[in-house]
Every structure is written in structure tokens, then in C-alpha cells.
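Analysis of the macromolecular model
The residues making up each chain are set out below.
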Amino acid sequence: MRSSGKSLILEEPDLKRVMQYQKTTKHGLRNTCLLHFSFYLGLRAKEMAGLSVKDVLFHDGEIRDEILLTRHMTKGAKQRTAFLTNPKVRVILQEYLDYRRDTDEFFEMSSPLFRSQKNLRFTPQTLSMTFRTMYDSVGLKGCSSHSGRRTFATSLLNQGVNIKNVQTLLGHSSITTTSIYLETNPKMLGDIAKNLKI
């Protein structure tokens, strides 16, 4: 786990620890799905809270390849697309949706994708608190709902993904915002210097 600006960025062992612990909790499947949406899609708490079943599922029951995040869901009211193409995300989402169909008598396309403990739609604040509880429960202090998003962006940049593509995936209006992930990433800066060819 390393610090980068406002939220801590998690390393793979940290993420595995959080995921593993969720297997022992009452809402573990839901929470594991939330973690996947945070780390593999880079979604904010507000965006996850705003999702309904119809945003991820076709009427025939097939999982969509894309989620359209509408203006009312996103920060800055900027519409963008998130991609449900990662196999890990699809597997856990399918498992979660199957569980919801079997256990939720009110399950329908307009239902919130993620329900709170009170069986209601999360608010961004209550969802942020849920993430903090997940991290605190395994001793990852200082993590927030934004840690997954920051880890998502940093991982993409570390893998050499073009910063313009990362900007698009994150929905940043300005590349300056995205470039913060580069500026605070010593590993990437070190690799750039190491691999320089003249």
C-alpha cells in the first residue's frame, strides 16, 4: 500500500486481503462486487450508488459489455462509458446477480444494483462508509472509496496505457487531472528514465 495524494493506492496483496475477508461477512458477495467495480472499472462511490440492474443487464439476462454513466451519476455531470469486459468483473457480477434473483423478491430491472443493509439504494455517503468499513476491517487505515479508482488509474499507467485513454476511462475533463497520477508515481517515472533510448 502506498500513498499518492488524497487516497491510498493498494498493492495486489492488500486487495486480496480485503476480498478474502469479504467471504466471511454477511454482505460479502455484494461487497466483493463493489470492490471489483471500484478497482477494475475505476468507478466513484456516487457512480456505483446510482447504478440500477438495467445498467448492467439486458432484458434477456445477458450482462452488457458497457455501462453508460449518465450525467446525473457522475461528478461534473459528464456522461461516460465504463466497460464490463474484464472477465473477473463479469464472473463476480454474474454470481451477484444470480444471488439477487434467488433472494430478492423485489428484484427487477429498475432495482438498485447495490442495496444497502436497509435494502435501499445506497447514497454516495453510505457507500463511502461501507468501503471505509471494508478497509478498516482488515487493518488498511487511510483507505477510502476513492482508493480503488486511484489504484485503477495508476495500474493502467504502470502498464503503459496511453494517458489520453486513461483520461477517457476516468472521465476527466482535463488531462491535467489525469497527469496527477503520473506525477505522484515514482515507479513509473523511474521506469521512464530507465528505459530511455536515444
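Residues numbered from 1 in each chain as written. Predicted model: local features only at pLDDT ≥ 70, side-chain atom pairs only at ≥ 80, totals over all residues. Heavy atoms only, no water.

So, about the packing of helix 2 (residues 28-41) against helix 5 (residues 124-136). Axes are the key here: two packed helices are described by the angle between their axes and the distance separating the axes. Where helix 2 contacts helix 5, the axes come no closer than 11 Å and their chain directions differ by 100 degrees. In terms of their interaxial angle, helix 2 and helix 5 are classed as roughly perpendicular. From helix 2, Arg 30, Asn 31, Leu 34, Leu 35, Ser 38 and Phe 39 reach across to helix 5, where they touch Leu 127, Thr 130, Phe 131, Met 134 and Tyr 135. Of the residues assigned to the contact of helix 2 with helix 5, the class counts are seven nonpolar, three polar and one charged. (Axes fitted to C-alpha atoms, helices over the stretch in contact; angles between N-to-C directions. Helix = DSSP H or I, 4+ residues; strand = E, 2+ residues; numbered from the N terminus. Parallel < 35°, antiparallel > 145°, perpendicular 65-115°, else oblique. Contact = heavy atoms within 4.5 Å. Nonpolar A, V, L, I, M, F, W, Y, C, P; charged D, E, K, R; others polar.)

Our next topic: the packing of aromatic side chains. Taken as a whole and judged by the stated rule, the model has three aromatic pairs. Note on Tyr 96 and Phe 114: the rings are 5.6 Å apart at their centroids and 25 degrees apart in plane angle, and the pair reads as stacked. Placement of the pair is Tyr 96 in helix 4 (residues 87-103) and Phe 114 in the loop between helix 4 and helix 5, with a sequence separation of 18 residues. You can call Tyr 96 buried: its relative accessible area is 2%. Plain terms: the ring middles of Phe 131 and Tyr 135 are 6.4 Å apart, the flat faces sit at 35 degrees to each other, and that makes the pair tilted. Separated by four residues within a single helix, Phe 131 and Tyr 135 lie in helix 5, roughly one turn from each other. (Phe/Tyr/Trp six-rings, centres within 6.5 Å; stacked < 30°, edge-to-face > 60°. Buried < 20%, exposed > 50% of the residue type's maximum accessible area, 1.4 Å probe, protein only.)

Our next topic: the state of the cysteines. Put plainly, two cysteines are in a disulfide when a covalent bond ties their sulfur atoms together. This model, assessed by the stated rule, comprises zero disulfides. Unpaired in this structure, Cys 33 has its nearest cysteine sulfur neighbour in Cys 143, at a distance of 20 Å. (Disulfide = S-S within 2.5 Å.)

So, about helix 5. Turn by turn, an α-helix covers 3.6 residues, leaving residues three or four places apart pointing in a common direction. In this model helix 5 runs 18 Å from its N-terminal to its C-terminal C-alpha over 13 residues, within 8% of the 18 Å that 1.5 Å per residue would give. Listed as buried for helix 5 are Leu 127, Thr 130, Phe 131, Met 134 and Tyr 135. End-on view of helix 5: buried residues confined to an arc of 135 degrees, all on one side of the axis. Turned more than 90 degrees away from the buried face of helix 5 sit Gln 125, Met 129 and Thr 133, all of them exposed. Of the surrounding secondary structure, the elements contacted by the buried residues of helix 5 are helix 1 (12-22), helix 2, helix 3 (45-50) and helix 6 (146-158). (Expected span 1.5 Å × (residues − 1). Arc of directions from axis to C-beta.)

Within the largest apolar cluster, 43 residues are counted, with the highest numbers of intra-cluster contacts made by Phe 37 and Phe 114. Considering each element in turn, this core owes the most residues, seven residues, to helix 2. In this view, Phe 114 contacts Arg 30, Cys 33, Leu 34, Phe 37, Met 48, Leu 51, Tyr 96, Arg 100, Leu 120, Arg 121 and Phe 122; residues no more than four positions away in its chain are not counted. Ranked by size, the runner-up nonpolar core spans seven residues in total, among them Leu 156, Leu 157, Val 166 and Tyr 181. (Core = buried A, V, L, I, M, F, W, Y, C linked by side-chain atoms within 4.5 Å.)

Along the polypeptide, Ser 116 turns up in the loop between helix 4 and helix 5. Residue classification places Ser 116 among the buried residues on the basis of a relative accessible area of 14%. When the C-alpha positions of Ser 116 and Tyr 40 are compared, they lie 21 Å apart, and in sequence the two are 76 residues distant. Leave out the neighbours within four places in its chain, and Ser 116 touches Arg 30 and Phe 122.

Time to look at the layout of surface pockets. One simple way to see leftover space: roll a probe sized like a water molecule over the atoms. One number sums up the size of the largest pocket: a volume of about 710 Å³. Surrounding the largest pocket, 26 residues form its lining, Phe 39, Tyr 40, Phe 152, Ser 155 and Gln 159 being those nearest its centre. Of all elements in the fold, only helix 1, helix 2, strand 4 (80-83) and helix 6 reach the threshold of two or more residues within the lining of the largest pocket. Among the elements that take part in the lining of the largest pocket, helix 6 stands out by supplying six residues, more than any other. Classifying every residue of the lining of the largest pocket gives twelve nonpolar, nine polar and five charged. (1 Å grid on protein atoms, 1.4 Å probe; cavity = no way out; pocket = protein on both sides within 12 Å on 5 of 7 lines; lining within 4 Å. Points joined across faces, edges and corners; volume = space filled by probe spheres on them.)

Remember that the coordinates give geometry; whether it matters functionally is a separate question.
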